[in-house]
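Here is how the chains run, residue by residue.
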Amino acid sequence: MPRLILPLLLVFSSLLGCNADQPRVQPPLANFAFNQEKLEALIQEREPIFSSIQLEYQHTHYDRLEYADIFVDTQKQIPYLLLALSSEKGHSLTLGIKFDEWQLLDCQIFSGPHRIDSFDCSDAKRLTQDDKSIFELRTREKQQYLRLSFVSDWLEYASSIGSTLFSPRENDTGIEILTSNYFEPLINNQWCTADCDNPASSTLGVTSYQALKRLVDHYPKRKKVLVFDNFVGGSADDEINMYTGLLIREQGLDTKVSRSGRVFSGATDLFTAGVRRTLELQDSTLSVARNQQVGVHSWSDGELGRDATEISYSDAAHRSQATYFSRMLGKQGIPFYLFTLTSAPSEGAHWMTQKEMARYRLTTEIR
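Residues numbered from 1 in each chain as written. Predicted model: local features only at pLDDT ≥ 70, side-chain atom pairs only at ≥ 80, totals over all residues. Heavy atoms only, no water.

## Let's talk about the overall build of the protein
Within the protein, the regular secondary structure consists of ten helices and 20 strands. Taken against the 2.2 N^0.38 rule, which gives 21 Å for 367 residues, the C-alpha radius of gyration of the protein at 21 Å falls within 12% of a compact globule. Seen along its three principal axes, the alpha-carbon backbone of the protein occupies a region of about 60 × 55 × 40 Å. Relative to its full complement of 367 residues, the protein shows a buried share of 55%. Within the structure as shown, the protein displays about 16800 Å² of accessible surface, and the carbon and sulfur contribution to it stands at 46%. Of the charged side chains in the protein, 38 are positive and 47 negative; the average position of the first set lies 7 Å away from that of the second. (Helix = DSSP H or I, 4+ residues; strand = E, 2+ residues; numbered from the N terminus. Rg over C-alpha atoms; globule rule 2.2 N^0.38 Å. Buried < 20%, exposed > 50% of the residue type's maximum accessible area, 1.4 Å probe, protein only. Areas by Shrake-Rupley, 256 points an atom, 1.4 Å probe, with all protein chains shown as cover. Lys, Arg positive; Asp, Glu negative; His and termini not counted. Charge placed at Lys NZ, Arg CZ, Asp CG, Glu CD.)

Printed below as a string of structure tokens:
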């Protein structure tokens, strides 16, 4: 599983490499084997994350993690791990954990966009039992009994499941599947009460694959367009994300970045999966690049801190990406992948120009 790296406004998956000192004369080969058996193994490997957090609060037991992400309060430079939890009876709440270098500092409880309670979840209040961390106490505001437990080693992987919602909308020509950020109402209400110049982005993960798979199965004979309608800031799990892209292409979906949308990193990967790929400019008076709606960069291996350009092209991480983009963009697939590696470092961003999009045949229409 990937190790999360701060700052996590952009979350990258851990792509482990080897033999970095070998010469890289030839580009990576597009010979990686994607198959159903590998996909099922990946999903099964991630399943424990969904049940790794248990919360008892106000006589309700929340035992299922639905969405997760990391949001950074840019004014105070404080990161929060946001966990959307649900109960067997359909109740839901969000737990916001303030942390620093994975040391828990404080916890807040939200119902929808509203803060309703808080409690001390610092190390001073933590109990340990086998592989679990446990907090059992009274909350501050409502003085409610609360018990929080989680598998310690899994907490840092929680945000890898993603925070992007996929909502169907029927029209005369078929089904539009619109993206949005699950946590946007909460973030706007708590940390972004004024107009935000840089709204929080949502991430992609195993929940994205599962949600999209349910929708394509539900509308098997309808024409479908995946519309990136918010800032989708990338993938927290590149292995799963490539299978999401393969699903888009195999099911014949078109993709579109709407005027209010923006794709970056792993979201750009999904955009390339559309049969037809449309970009609607937010501001037609500005150049494509200045609209900053399609962004790319390199990746890094989370454990060793190496940029992708330092890792041998024979590594499976390079070969899987080369195979993926070859399927999506044909002969321009590998050149486009190599372009992303040199466009910006893993912690940076490059917003593509119209000339670059034409060179790699990334879009079929810009309007």
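Next comes the rest of the write-up.
## A few points about the sheet that holds strand E17 (residues 277–279)
Within a beta sheet, neighbouring strands are joined by backbone hydrogen bonds and run either parallel or antiparallel to one another. Within the open sheet, the six strands sit side by side as E10-E11-E13-E15-E17-E20. Their pairing is mixed. The outermost strands of the open sheet, each flanked by one partner alone, are strand E10 (164–171) and strand E20 (365–366). Two elements, E10 and strand E11 (residues 174–181), share eight bridges in a ladder whose sense is antiparallel. Paired with leucine 165 across the strands is serine 180, a residue of E11. Each of E10, E11 and strand E13 (224–228) touches helix H4 (residues 206–218); the most contacted strand, E10, lies at about 20° to it. (Pairing = 2+ DSSP bridges. Contact = heavy atoms within 4.5 Å. Axes fitted to C-alpha atoms, helices over the stretch in contact; angles between N-to-C directions.)

## A word on the sheet that holds strand E8 (residues 132–138)
Here nine strands make up an open sheet; going across it, the order is E6-E5-E4-E3-E2-E1-E9-E8-E7 and the pairing antiparallel. Two strands bound the open sheet, and with one partner strand each, they are strand E6 (114–119) and strand E7 (127–129). In this sheet, adjacent strand axes meet at a mean angle of 30° when their direction is disregarded. Bridging between strand E4 (residues 92–100) and strand E5 (residues 103–111) involves seven bridges; their strand directions are antiparallel. Residue glycine 96 lies in a different strand from E5, and its bridge partner there is glutamine 108.

## Description of the confidence of the model for the protein
Confidence in the prediction of the protein, expressed as mean pLDDT, is 91, and 91% of residues score 70 or more. Contacts of residues 1–24 to residues separated by more than four positions or lying in other chains number 74 contacts, the stretch itself having pLDDT below 50. (pLDDT = per-residue confidence, 0-100.)

## Looking at helix H8 (residues 316–329)
Residues separated by three or four positions in an α-helix point in the same direction, a consequence of the helix having 3.6 residues per turn. With 14 residues, H8 ought to run about 20 Å at 1.5 Å a step, and its terminal C-alpha atoms sit 20 Å apart, in line with that. Of all 14 residues that make up H8, ten are buried, and the element is covered over most of its length. Of the residues making up H8, those classed as buried are Ala317, His318, Ser320, Gln321, Ala322, Thr323, Tyr324, Phe325, Met328 and Leu329. Of the surrounding secondary structure, the elements contacted by the buried residues of H8 are helix H5 (238–250), helix H6 (266–271), E17 and helix H9 (333–343). For H8, the N-terminal cap is aspartate 315; the gap from its side-chain oxygen to the backbone nitrogen of alanine 317 is 2.8 Å. Directly beyond the C-terminal end of H8, a positive phi value near 65° is found at glycine 330. (Expected span 1.5 Å × (residues − 1). Polar contact = N/O pair within 3.5 Å; in protein donor to acceptor, adjacent residues only side chain to side chain.)

## Structural notes on the pairing of strand E15 (residues 254–257)
Both faces of E15 are covered, namely the face carrying Asp254 and Lys256 and the face carrying Thr255 and Val257. Here E13 runs beside E15; their pairing, made up of four bridges, is parallel. Bridge pairing in E15 places phenylalanine 228 opposite valine 257. Summarising the sheet, E15 and E17 pair through three bridges and their orientation is parallel. Looking across to E17, one finds that threonine 255 is bridged to arginine 277.

## Thoughts on the packing of helix H1 (residues 36–50) against H5
One way to put it is that H1 packs onto H5 with a least axis distance of 10 Å and a crossing angle of 135°. Looking at the two axes, H1 sits oblique to H5. Seen from above, H1 lies across H5 with left-handed handedness. In this structure, H1 uses Lys38, Leu39, Leu42, Ile43 and Arg46 to contact H5, whose residues at the interface are Glu239, Ile240 and Tyr243. (Parallel < 35°, antiparallel > 145°, perpendicular 65-115°, else oblique. Left-handed = near helix turned anticlockwise from the far one by under 90°.)

## Notes on H1
Relative to the 21 Å expected for 15 residues at 1.5 Å per residue, H1 spans 21 Å between its end C-alpha atoms, a close match to the ideal helical length. Listing the buried residues of H1 in full gives Leu39, Leu42, Arg46, Ile49 and Phe50. Residues of H1 that are buried sit in contact with strand E2 (60–73), helix H2 (152–155), H4 and H5. The opening residue of H1, the one whose side-chain oxygen lies 3.2 Å from the backbone nitrogen of glutamate 37, is asparagine 35.

## Brief notes about the pairing of E13
When you tally the buried positions in E13, you get five out of five residues, the bulk of the element. Both faces of E13 are covered, namely the face carrying Lys224, Leu226 and Phe228 and the face carrying Val225 and Val227.

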